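Examination of the molecular architecture
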Amino acid sequence: MTEQTFVLPDVGEGLTEAEIVQWRVAPGDTVAVNDVIVEIETAKSLVELPSPYSGTVGELLASEGSTVEVGAPIITIGAADAGTPAPAAPATVPEPSDPGGAVLVGYGTGGAVSSRRRKPAERPVQASVGVVAKPPIRKLARDLGVDLSAVTPSGPAGEVTRDDVVKHAEQASVFRNIETPAWGEVREETIPVAAPVAPAPAASTPVDDAREESIPVRGVRKATANAMTSSAYSAPHVSVWVDVDASRTMELVKRLKASPDFADVKISPLLIMARAVIWALRRTPMINAAWVDTEDGAQIRVRHYVNLGIAAATPRGLLVPNIKDAQAMKTRELAKALEHLTLTAREGKTSPADQTGGTFTITNIGVFGVDAGTPIINPGEAGIIALGAIRQKPWVVDGEVRPRWVTTVSGSFDHRVVDGDGISRFIADVASVLEEPALLLD
C-alpha cells in the first residue's frame, strides 16, 4: 500500500499557520476524495479541509489544539488497494496525479467519487433522532441556543434550514452565547498578550498552579491582539461623542418593520445608523481615508467608495467583516447585507476576503446595554463609530421636558488624517440623520 502525506495548505490571504480544531477522522478510517478530514482555525475563520486522496487513514501528524505552519505534514493516507474494489463504488476512483498535499479539493483532482468514508462502529455518532440538519446549521443552532427538535423545518425532505433556525431564535440570543459561571476558588488568571511585555518581578511565594491558569493566544484572538496593538500605538486616537434624540429613528424602524417590502428582512436601528454613516462619509471624505507609509514618504489615501465594516462579537473572538460598496446599496439591499454579514460571522464562516479592504467601521455596543465608548480604530482605516444603547430619557423639546428615545454616538479617529473640524462635522452629520432620518431623502 502506497502512503501519501497531506500537508497543511494555504487556504487564502497568505496565512502562515493554523490551529487544528477537530479531526473528523481517525487512523484506520476509509476516506474518499473531498471527504472532510479536519477542521482548522486560521487568524480569519474556521475552515473545513477536504481530503485530496482516497484510501485508509494512516497517522494523524498533528494533535487537536496544536498550531501548524503552512506546508507542514498533518496526516498520512494509504492508497486504496487496487485489488479490492470499494463496496459502494461502481467504478474505480482514479489516484491523484499530483503527489503534493497542498491542493485543496474540490479544488483538486477530478473524476466521479461515489464512495463515502466509513466510521468505525465504536466511535460515537452525533445525531439528533428525527431532526435533519447539516453540520453548519447544527452549529448555528448551538450558538443561538436553539433546540433543533423544536424547529419546524421548511427544507426539502424535512431538512432544517438556516432561516428556520434564525426565525426560531430570540432577538437577544447573543447573550445566551455567553455563559455566566459561578464564582469559584480561582481568584486570578493570566491571559498572555501578543506583544512582549517586561518581565514581572519574581514572586515572593511559589505560584499555586491549582489557582491560576494560562490561556494560549492564537487564532482570531491573536490576530485581533496584533491589529489592536498596532493601531493603538501607531495612530494617534482622538475620541468625541454626542447625545442624540433618536425618537424619529425608532419611529422609522417601526414603520419599516410593518412594511411588506421589508417583511423578510431584519430591521434595527443599526440599519439607519449605517445609512447615516454612509451619508456623512460622502460629506466628509477624509473620514473615509487612510494613512499609508511608502518608500517615498507618508501618504493619505482617500477612498471614494465605502466598504462598511461591522464589528461582530463571536464565540471565537472579535471579527470585523465589511460590506463592499455599501454606498451603492438601497436601504433594503443594505439591510439584507447586514443580516447576512451578522449570521455568517456568528457561524464562524466569514471568509478572509470579507474581512479585508474595509474603509470605515461601526460597532454596535448598544446591544450590550453600553451607552458610549472610545473604540480602537481598525488598521487601514481612519475612524470607527459606536452606537450606544437607545433608552427613554427626559429630553427638553420646545421648552418642555418629555420622554424621548435617546442614544449616544461616540467615535475614535486618526488625528494624522483628519482634523478636529472634520471629526466634529462628521459626528454632527450622523447625529442629524438619527434625529431626522428624512435627511436621507436628499
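Preceding this section is the structure that the text describes.
Residues numbered from 1 in each chain as written. Predicted model: local features only at pLDDT ≥ 70, side-chain atom pairs only at ≥ 80, totals over all residues. Heavy atoms only, no water.

Spatially, the four strands line up as an open sheet ordered β5-β4-β2-β7, and their pairing is antiparallel. With partners counted over all chains shown, the strands left at the sheet margins are β5 (46–50) and β7 (67–69), one partner each. Ignoring which end each strand starts from, the neighbouring axes of this sheet average 40° apart. In this sheet, β5 lies alongside strand β4 (residues 36–41) in antiparallel orientation, the contact comprising five bridges. From the neighbouring strand, I40 faces β5, where its bridge partner is V47. (Pairing = 2+ DSSP bridges. Helix = DSSP H or I, 4+ residues; strand = E, 2+ residues; numbered from the N terminus. Axes fitted to C-alpha atoms, helices over the stretch in contact; angles between N-to-C directions.)

Turning to the side chain of E381, a few remarks are in order. Within the fold, E381 resides in the loop between β16 (360–363) and β17 (383–387). It turns out E381 is buried and unbridged, and the closest side chain with the opposite charge, R303, is 6.2 Å from it. One polar contact links E381 to T361, side chain to side chain, over a distance of 2.8 Å. Those residues in contact with E381 that lie beyond four places of it in its chain are A289, R303, G358, T359, F360 and T361. (Buried < 20%, exposed > 50% of the residue type's maximum accessible area, 1.4 Å probe, protein only. Lys, Arg positive; Asp, Glu negative; His and termini not counted. Salt bridge = Lys/Arg side-chain N within 4 Å of Asp/Glu carboxyl O. Polar contact = N/O pair within 3.5 Å; in protein donor to acceptor, adjacent residues only side chain to side chain. Contact = heavy atoms within 4.5 Å.)

Turning next to empty space enclosed by the protein. If a probe as big as a water molecule is rolled over the atoms, it shows which places are left empty. Taken as a whole, this structure holds two cavities of 30 Å³ or more when the rule is applied. Here the second largest cavity is characterised by a volume of approximately 40 Å³. Forming the walls of the second largest cavity are L8, P9, D10, V11, L15, E17, A18, I40, T42 and V70. Of the residues assigned to the lining of the second largest cavity, the class counts are seven nonpolar, one polar and two charged. (1 Å grid on protein atoms, 1.4 Å probe; cavity = no way out; pocket = protein on both sides within 12 Å on 5 of 7 lines; lining within 4 Å. Points joined across faces, edges and corners; volume = space filled by probe spheres on them. Nonpolar A, V, L, I, M, F, W, Y, C, P; charged D, E, K, R; others polar.)

Position of E19 relative to the elements: it lies in strand β2 (residues 17–23). Setting aside residues no more than four positions away along its own chain, E19 makes contact with E39, I40, E41, G65, S66, T67 and R218.

Applying the stated criterion across every chain yields a total of ten salt bridges. Between D245 and R404 there is a salt bridge; the shortest N-O distance is 3.0 Å. Residue D245 is found in strand β9 (residues 237–245), and its partner R404 is found in strand β19 (residues 400–414); the two are separated by 159 residues along the sequence. Here R332 ties to D264 by a salt bridge, and the two come within 3.1 Å at their closest N and O atoms. Placement of the pair is R332 in helix α6 (residues 331–347) and D264 in the loop between α4 (247–258) and α5 (269–283), with a sequence separation of 68 residues. Its relative accessible area of 46% is what places D264 among the partly exposed residues. What emerges from the salt-bridge pattern is a single network uniting R24, E39 and E48.

Okay, the pairing of strand β8 (residues 73–79) next. Counting buried positions along β8 gives six out of seven residues, so the element sits mostly inside the fold. Where strand β1 (residues 3–7) meets β8, five bridges bridge the pair, whose relative direction is antiparallel. Residue pairing across strands places E3 opposite G78, the latter belonging to β8.

By size, the foremost hydrophobic cluster in this structure holds 44 residues, and its most contacted members are V277, L308, I385, F426 and V430. Those elements giving two or more residues to this core turn out to be α4, α5, β12 (308–310), α6, β16, β17, β19 and α7 (420–435). When residues of this core are assigned to their parent elements, the largest contribution, eleven residues, is made by α5. F6, I40, V47 and I75 belong to the second-largest nonpolar core, a separate cluster that totals 19 residues. (Core = buried A, V, L, I, M, F, W, Y, C linked by side-chain atoms within 4.5 Å.)

Strand direction decides the pairing type here: strand β3 (residues 30–31) and strand β6 (residues 55–60), joined by two bridges, are antiparallel. Within the sheet, the bridge partner assigned to T30 lies in β6 and is T56. Relative to β8, β6 is paired through four bridges, and the arrangement is antiparallel. Across the sheet, the residue bridging to G55 is A79, located in β8.

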